[in-house]
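Coordinate inspection notes
So the chains spell out like this:
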Amino acid sequence: MLAWTIYISFVGAAAMLLMPRSSVASVRIFALLTTVVGFAITLSYFLMHRTGEMLTIARVPWIPSLGIEFHLAADGISLTLVLLTGIIAITGILFSWNIEERTKEFFVLYLLLIGAVYGVFLSYDLFLLFVFYEIVIIPKYFLIAIWGSTRREYGAMKLAIYSFVGSAMVLIGLIAAYVVAGAKSTSISQLAQFPFSPHFQLWVFPLVFIGFAILAGMWPMHTWAPTGHVAAPTAASMLLAGVVMKLGAYGCLRVAMVLFPLGLGPWGFHVFGLGSWRDVFALLAVIGIIYGALVALVQKDFKFVIGYSSVSHMGFILLGLMTLNQIGISGAVLQMFSHGILAGLLFAVVGRMVYARTHTRDLAALNTMNLHKIIPFAAVTFVLAGMASMGLPGFSGFVAELMILIGVWRAYPLLALCVGFGIVVGVVYIWRAMQKAFFLGADVQPNIPHSPLPPITLPERIGAVILIASSVLVGLYPQMLLNIVIPALNSPLFDGLRKGSWQ
Amino acid sequence: MIAINNAQLLRLALPEVIVVTTALIVMAADFLFLHRFNSHVRFFLAAGLGVLGCTGAILRIILAPELANIFNGVLLSNPLTQLVQIAVLVLTIFTLLFSVDSTFTQHVGEFVLLLLVATTGMMFLAGTQDLLVIFISLELLSLSLYILVAFNKSSAQSWEAALKYFLFGGMSAAFLLFGFSVLYGLSNSTSLPFIAAAIHGPTLNPLLVIAIVTTAIGFGFKIAAAPFHFWAPDVYQAAPAPSAAFIASGSKVASFFLFFQVMAIGLAGAEGTATLPDLVRGWVPVLALMSTVSMLLGNLVAIRQSSLRRLLAYSAIAHAGTMLLAIVAHTQLSLAALLYYVITYALATLGAFAVISVVEQQMGNDELSSFDGLGRQAPMLSFCLATFILSLAGIPPLAGFFAKFYLFVTVLNATSGSLGLLWLIVLAIAMSAVSLYYYLRVLKRVYVTPAATNAPAFRTPALTQILLLVLAAAVILLGCAPQLLLRWIDAAIQVSGL
């Protein structure tokens, strides 16, 4: 049943190709319906399977001579991310209601991307996962290069090359692991059971982990993220920050850490106080958190603020994974969901509500417009999203970051202090962006636009409400997701990780 | 030695005979009555006859498969050679059909004749393990190709390219012949298995080293591997589109299969290893070096190209480097991977050339700027081009991806668990990341850049359109269900051995 999320997106994309180019409205509605159906399927599955264990949803031999299967399965972690994908897909379409140029192509590529993202989250075969992971690259490139704004061709190409380099690293590790394990099967569970030698894991793990982490925006390989986000059209930024970066984080957890748990173990010597890849990546994640926050603090472009805030928040996820304790990792999964929703919301406000109306993202220029009077809805949404993003209680970000922080406190007490600093800077940059973008500066000459800006449309309102509601829902009742994430982490698949270096 | 009479010999070579006969019929028909029609109809009829002949040969191979080995491999027929022959014939059929709408020549009969003769050369190449026959069929193929490159008599560039091709090709043939003669001198035999038995020994004979190097140079020219690639960019750019497509597809399939056989069968026992850090002398390190240089040079130079044909030429050099890895591994599985790779590569390249030829007819050249905004003007054509280009780049779910994946797996698997060839795989995968850049640049032109304001309306001939769709469908299908072709290749290799 859940497998239909993938099929329906691809079939929807194919069907849309046949629709006439002129009927823009029907194309939009059709795309919306497709994503709504996808989400409905996910939701019904979510309501029916509340245990979070790994359940196969489709399994047929694909390339028998190589032991490759078309094997889809979902556990609590995948299900959480599939839910996120569904929500972002629907709201992404609501926020691209204003796409007038080549509308049909836009939504075809959009659905293609969504289908591939569902595919990655649901794949239980490494080869299949990789296939979906690479399919993502091409629609992403075109969405940005054709419908983007600032330096779109540069941003799109940079994004595509970074993704491809990352997936090349993953491919090397994947092929090496497959061959070493006897070239019999690419099933994740079978490979996870194979006793790879510690020496092998020590070089393959960082290769695969970094390969995925590039897409998760790990510092210092994050530079594609701000430029890509800024160049992308609103819906593509939402997808990019909302789900595509999660693909990277998901790969780190599901592939790198599950297959090569010993790669996290100590090297046996210390370099600059770092004794294992785990220490290295934890440090990089913390640098990412603080660096992203500090850089976001000094941006002139509104969208760059959000772009760098994504880097900062993705640092939390990677750090959560590196804590290697249950609370830290489940916090990381929760943060994947939370950041997906909030980054989507923030990009929607910046790209669709503000930029599409004022045609500027320069914070100094916005500062003179007193936007909270003109588009109060956008201001309220941004304030709410900003509060959630800062980690105020009641929103999803709070629970997730708290859990990660507790996990870090147990694993790396010193780093927890640095993270605390990062959170404080996070409050400041959101505050600053909010002040500058929506409220009149104290000593600036007001330059309020003469022609009235178009009012916030209904699709935008619906989209914003959906996203805020999701964040609040998870913030108030995180058990809803944790109930399926924690059993998934306790499943046999994570045995290697638990027995190895789990704390 | 088994006595064999001429009738049996002829029966065994019947597919080749059919093709040659068709070639002669086409020639005669063209002289006798086809020239009365206008050039389009004339081309259509001549190519149609050629297609019939090739189809006849394919049917003969499929319906009455022979299993024979005459005079220690002078003429060989087993499922594997048949598979390669069928692949070559299918590619020839596509080339013939694509050439129907071209206007570069009035000598239709000769053009089809040469294509078919070249095909015959390739079929013999696939079906032999004897140095003499290899050399003769290679010359038959090469000579036909030289003329095919020069076929556009109104273009000086076409002449120049043909001359370059001819000079380099002649030189490479000399190298090859020299290598073969040394091999003969060492082993007293022209049959590959006998040579292998004779040269087997604990140390490498210095003469054998010379034979290995010259043979590698000779074949290196043929498959356009660096540093013997100089002819490729010019030929790809200036040859008439069908000739270029033929060189890039059919001839690649036959040459790679042959190269594999000569090395893996004829020089078995002199392999050496390419595992780092302890290289052992032999032909494997030579090919590993050639592969490395090709991948680096092809991919890096392709970035700078502004003409799509030249870009494809450099990408062909890069792909040749990747395919050489399969010969470096020289196992049964890697042969299967090589065949899968080269066949799917040939399909994609052929399709790309067909698109180029359509665009050239409209825009007058193959500069990347001619492809600006193609996506809006000719959606179908651009979709096919995108499919071929992305397959070459190795993006799933297209055939090129699985080809690369399978090739890398078999190469890594060749040294049974020691991962000794990992450095080559790492290089190949890193370079394929580079290649995405220039392939995406092409697609950016097609889909992102708006068309020039005075661009004419696009017209794609119906036949080309259908063929392009067939090729694109094949590339997608083989990517989604590689088993379709792989099962066949595996079975053929199982039965025939190496």
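Details of the structure are given in the entry above.
1. Some words on the overall build of chain A
Helix and strand counts for chain A come out as 22 helices and four strands. A compact globule built from 503 residues should have a C-alpha radius of gyration of about 23 Å, and chain A, at 22 Å, falls within 12% of that. Dimensions of chain A, computed from C-alpha atoms along their principal axes, come out at roughly 70 × 55 × 40 Å. Put simply, chain A has 503 residues, and 62% of those count as buried.

2. Some details on the overall build of chain B
In terms of regular secondary structure, chain B is built from 21 helices and two strands. Along the three orthogonal principal directions, the C-alpha set of chain B runs to about 70 × 55 × 40 Å. Residues classed as buried in chain B amount to 60% of the 498 residues present. At a minimum sequence separation of 6, the contacts of chain B that also span at least 24 residues come to 78%.

3. Quick word on the nonpolar core
Counting residues in hydrophobic clusters, the biggest one holds 409 residues, and the most contacted among them are Leu318 of chain A together with Val328 and Val411 of chain B. Look past the residues within four positions of Val411 of chain B in its chain and what remains in contact with it is Leu325, Ala326, Val328, Ala329, Ser334, Leu421, Leu424 and Ile425 of chain B.

4. What about the interface of chain A and chain B?
Facing the 26 residues of chain A at the interface are 27 residues of chain B. For the side of chain A that touches chain B, the secondary-structure elements that each account for two or more residues are helix H5 (126-135), helix H6 (137-147) and helix H7 (152-180) of chain A. Sort the elements by how many residues they give to the side of chain A that touches chain B and H7 of chain A lands first, with 14 residues. Within the side of chain A that touches chain B, the residues separate by chemical class into 23 nonpolar, one polar and two charged.

5. Re the pairing of strand E2 (residues 68-74) of chain A
Burial runs high along E2 of chain A: six of the seven residues are buried. Hairpin connection, strand E1 (residues 55-63) of chain A to E2 of chain A: the antiparallel pair is bridged by four residues, and Gly67 of chain A has positive phi, about 70°.

6. Comments concerning the packing of helix H4 (residues 79-99) of chain B against helix H5 (residues 108-126) of chain B
Residue and element names in this part refer to chain B. Running from amino to carboxyl end, H4 crosses H5 at an angle of 165°, the nearest separation of the two axes being 9 Å. Accordingly, the angle class assigned to the pair H4 and H5 is roughly antiparallel. As H4 runs across H5, the sense of the crossing is right-handed. Note on element contacts: H5 touches H4 through Phe111, Val112, Leu115, Thr119, Met122, Met123 and Ala126, opposite Thr81, Val84, Gln85, Val88, Leu89, Thr92, Thr95, Leu96 and Ser99. In terms of residue class, the contact of H4 with H5 is built from ten nonpolar, six polar and no charged.

7. Some points on the packing of helix H13 (residues 283-302) of chain B against helix H19 (residues 422-447) of chain B
Residues and elements named next belong to chain B. Running from N to C, H13 and H19 cross one another at 15°; their axes reach a closest spacing of 9 Å. Accordingly, the angle class assigned to the pair H13 and H19 is roughly parallel. For the element pair H13 and H19, the recorded crossing hand is left-handed. Residue-level contacts link Ala288, Ser291, Thr292, Met295, Leu296, Asn299, Leu300 and Ala302 of H13 to Leu424, Leu427, Ala428, Met431, Val434, Ser435 and Tyr438 of H19. Taken together, the residues that form the contact of H13 with H19 break down as eleven nonpolar, four polar and no charged.

8. Quick word on helix H10 (residues 231-238) of chain B
Given 3.6 residues per helical turn, the α-helix brings residues three or four places apart onto the same face. Residues and elements named next belong to chain B. For H10, the buried fraction is high: eight of the eight residues fall into the buried class. When we look at burial in H10, the residues that qualify are Trp231, Ala232, Pro233, Asp234, Val235, Tyr236, Gln237 and Ala238. Where the residues of H10 are buried, they touch helix H6 (131-149), helix H7 (156-187), helix H11 (241-248) and helix H14 (308-329).

9. Side note on the environment of Leu267 of chain B
Residues and elements named next belong to chain B. Structurally, the position occupied by Leu267 is in the loop between helix H12 (250-266) and H13. With 23 C-beta atoms counted inside 10 Å, the residue Leu267 sits in the buried group. Residues Leu267 and His200 lie 67 residues apart in sequence; the distance between their C-alpha atoms is 8.5 Å. With residues near it in sequence (within four places) discarded, Leu267 still touches Ala196, Ile212 and Trp283.

Conventions adopted
- Residues numbered from 1 in each chain as written.
- Chains lettered and ligands numbered in written order.
- Predicted model: local features only at pLDDT ≥ 70, side-chain atom pairs only at ≥ 80, totals over all residues.
- Helix = DSSP H or I, 4+ residues; strand = E, 2+ residues; numbered from the N terminus.
- Rg over C-alpha atoms; globule rule 2.2 N^0.38 Å.
- Buried ≥ 20, exposed ≤ 12 C-beta atoms within 10 Å, placed from the backbone.
- Contact = placed C-beta atoms within 7 Å.
- Core = buried A, V, L, I, M, F, W, Y, C linked by C-beta atoms within 7 Å.
- Nonpolar A, V, L, I, M, F, W, Y, C, P; charged D, E, K, R; others polar.
- Pairing = 2+ DSSP bridges.
- Axes fitted to C-alpha atoms, helices over the stretch in contact; angles between N-to-C directions.
- Parallel < 35°, antiparallel > 145°, perpendicular 65-115°, else oblique.
- Left-handed = near helix turned anticlockwise from the far one by under 90°.

In short, shape yes, function no, at least from these values alone.
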